[in-house]
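Residues per chain are reported as follows:
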Amino acid sequence: MLGALMASTSQYPSANAAARLDDCVFAIRKRTSIEPRIGVVLGSGLGAFADSLEGLVKIPYRDLPHMPASAVPGHAGNLCFGHVQGVPTVCMQGRVHLYEGHPVDKVVQGVRTMARMGVRAVILTNAAGGLEPSWSPGDLMVVIDHLNLTGTNPLAGPNDDSLGTRFPDMTAAYDPALREMLRDTAREARIELREGVYAGLLGPTYETPAEVRMVRMLGAQAVGMSTVPEVIALRHMSVRVGALSCITNLAAGIAARPLDHAEVEATARTRHEDLITLLRGWITRAGSLSS
Ligand code: HPA
């Protein structure tokens, strides 16, 4: 492990974020010539989608310089390349989270690499707790905005101007055209879709009932421990973003019983087929975006 770490740092000296991305892209280019147009981040229990890519090329994160690997059950660690209905696509099969102790720039290394490869849009999926008492575990929600309550930001520190501006606009962080494409896909497939604001917290504790009341008061409909840093890093690099939450449970205090990660994963699995249908349709539509 230490050897691999030392090998990767000495083999790929990198002074800044852009250089770290170029190291990663260089290593990827040795394994595949696919030029992905769409990127996908697969959340808890959703990783199997990547295995359905046509002409799949799977690169373990451990083979990529600067890419951290997740230790969370349900999160494999592979960058997967292939096609979805002819759309060249790259999927992160598993992501790392801030609560694992990774520095925030490591957490966003994967999505920044996708951006560096020239993807036009990134679709993120996640498991989230629902804040609306009328919702049910298994509901699917298109994210329309977020609250960054993680206590950090991947852009804090010196700005790498070659990646993006110092003060990125976040007015329409979750791209309206992409949101519409997901709604069209859901309508066509007769899959019901909620919509709402995602509150991103650090974790790894699930929220207390008081924290759940707080995020509800702040205007969120869902709460989770991922996505927000990635979205910020992608908007910094002017990549369009869409996000879909699987409401795996009602949040603490709304649900009658204690929360449990195995149950979160199991609920995500019950919506697996619909999630795959939505992702396939969404990627196919998003593949037509011009920039
Ligand atoms: N809270 C935070 N993250 C989550 C939850 C939750 O209730 N469910 C799935 N991820």
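Look a little higher up for the structure.
Residues numbered from 1 in each chain as written. Predicted model: local features only at pLDDT ≥ 70, side-chain atom pairs only at ≥ 80, totals over all residues. Heavy atoms only, no water.

Participant: Run through a nonpolar patch on the surface, naming residues and quoting values.
Facilitator: On the surface, Leu149, Met214 and Leu218 cluster together into a nonpolar patch covering about 250 Å² of accessible area. Within the element layout of this structure, Met214 appears in helix 6 (residues 209-217). Of the residues examined, Met214 reaches a relative accessible area of 40% and is grouped as partly exposed. (Patch = residues over 30% accessible without salt bridge, like charges linked within 9 Å, V, L, I, M, F, W, Y side chains within 5 Å. Areas by Shrake-Rupley, 256 points an atom, 1.4 Å probe, with all protein chains shown as cover. Salt bridge = Lys/Arg side-chain N within 4 Å of Asp/Glu carboxyl O. Helix = DSSP H or I, 4+ residues; strand = E, 2+ residues; numbered from the N terminus. Buried < 20%, exposed > 50% of the residue type's maximum accessible area, 1.4 Å probe, protein only.)

Participant: Got a sec to walk through unusual backbone geometry? Specific residues and values, please.
Facilitator: Following Gly203, the chain continues to Pro204 via a peptide bond in cis, the omega torsion being 0 degrees. Looking at the secondary structure, you find Pro204 in the loop between strand 7 (194-201) and helix 6. A positive phi angle, near 45 degrees, is found at Gln85, a position not held by glycine. With respect to the element layout, Gln85 can be found in the loop between strand 3 (78-84) and strand 4 (87-93). Although it is not a glycine, Arg190 sits at a positive phi angle of roughly 55 degrees. Mapping Arg190 onto the fold places it in the loop between helix 5 (176-189) and strand 7.

Participant: Give a description of the site of the ligand that names residues and reports values.
Facilitator: Around the ligand sit Ala127, Ala128, Gly129, Tyr206, Glu207, Val223, Gly224, Met225, Thr248, Asn249, Leu259 and Val264, and those are all the residues in its vicinity. The separation between a nitrogen atom of the ligand and a polar side-chain atom of Asn249 is 2.7 Å. Sorting the residues of the shell around the ligand by element identifies strand 5 (121-130), strand 8 (222-224) and strand 9 (240-250) as the ones contributing at least two each. In terms of residue count, the dominant contributor to the shell around the ligand is strand 5 (three residues). By residue class, the composition of the shell around the ligand is seven nonpolar, four polar and one charged. (Near = heavy atom within 4 Å. Polar contact = N/O pair within 3.5 Å; in protein donor to acceptor, adjacent residues only side chain to side chain. Nonpolar A, V, L, I, M, F, W, Y, C, P; charged D, E, K, R; others polar.)

Participant: A description of the packing of helix 4 (residues 109-116) against helix 7 (residues 228-236) should follow, citing residues and the corresponding values.
Facilitator: Contact geometry of helix 4 with helix 7 gives a least axis separation of 9 Å together with a crossing angle of 25 degrees. When the axis of helix 4 is compared with that of helix 7, the two are roughly parallel. Judged by the sense of rotation from one axis to the other, the crossing of helix 4 with helix 7 is right-handed. When helix 4 is examined against helix 7, the residues Val111, Arg112 and Ala115 are found in contact with a partner set consisting of Glu230, Ala233, Leu234 and His236. The class makeup of the residues in the contact of helix 4 with helix 7 is four nonpolar, one polar and two charged. (Axes fitted to C-alpha atoms, helices over the stretch in contact; angles between N-to-C directions. Parallel < 35°, antiparallel > 145°, perpendicular 65-115°, else oblique. Left-handed = near helix turned anticlockwise from the far one by under 90°. Contact = heavy atoms within 4.5 Å.)

Participant: Give a detailed account of the pattern of salt bridges, specifying residues and quantitative values.
Facilitator: Pairs can form between side chains of opposite charge whenever their charged atoms are close. Within the structure shown, the criterion is met by 16 salt bridges. With a closest N to O distance of 2.8 Å, Asp22 and Arg116 form a salt bridge. Here Asp22 is found in helix 2 (residues 17-29), whereas its partner Arg116 is found in helix 4, with 94 residues between them in sequence. As a salt-bridge pair, Glu35 and Arg29 come within 3.6 Å of each other at their nearest N and O atoms. The exposure class assigned to Glu35 is partly exposed, which follows from its relative accessible area of 48%. What you see here is one network of salt bridges that share partners, running through Glu180, Arg183, Asp184, Arg187 and Glu195.

By themselves, these figures tell us nothing about what the structure is for.
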